[in-house]
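Listed below, chain by chain, are the residues.
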Amino acid sequence: EWIIHEDPMQLQPVDTNLVQRFLLAAFYFETHKLGDWRSCNRQSEENPDETCLLLTLIGIFPMEFEGVPATRWLSSKHECLWAGINCDELNNTRTINLH
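These numbers come from a predicted model, not from an experiment.

The rules we used
Residues numbered from 1 in each chain as written. Predicted model: local features only at pLDDT ≥ 70, side-chain atom pairs only at ≥ 80, totals over all residues. Heavy atoms only, no water. Phe/Tyr/Trp six-rings, centres within 6.5 Å; stacked < 30°, edge-to-face > 60°. Buried < 20%, exposed > 50% of the residue type's maximum accessible area, 1.4 Å probe, protein only. Helix = DSSP H or I, 4+ residues; strand = E, 2+ residues; numbered from the N terminus.

1. Some details on the packing of aromatic side chains
Here is step 1: Counting across every chain of the model gives 8 aromatic pairs.
Here is step 2: Between Tyr28 and Phe29, the ring centres sit 5.5 Å apart and the planes meet at 80°, which makes this aromatic pair edge-to-face.
Here is step 3: Note on Tyr28: relative accessible area 3%, which makes it buried.
Here is step 4: Judged by its relative accessible area of 33%, Phe29 is partly exposed.
Here is step 5: Consider the rings of Tyr28 and Trp73, whose centres lie 6.0 Å apart with planes at 20°: the pair is stacked. A residue pair is termed long-range when its members are at least 10 positions apart, and Tyr28 in helix α2 (residues 18-31) and Trp73 in the loop between β2 (64-71) and β3 (85-87) qualify at 45 residues.

This is the structure we're talking about:
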């Protein structure tokens, strides 16, 4: 329902990235059933900006993270700009890297 009622992009059935955006949104919601991610969750009243710092693992012992500027998931930006999404030159998602 998010992609129809809440998505700020309001894509149409003919838009080439509709299926990709739908699948990434479904991934986001499915992985949030137990709680929020460590960083770059969707916008909220507490985090109204579309930008965020994606916490990237840089050390295991002790566990250390580095904040890398990124765009929040489910933002109005193209889904290839969402934190941890890597797309090719045609804007097709190739990998998701959230660790």
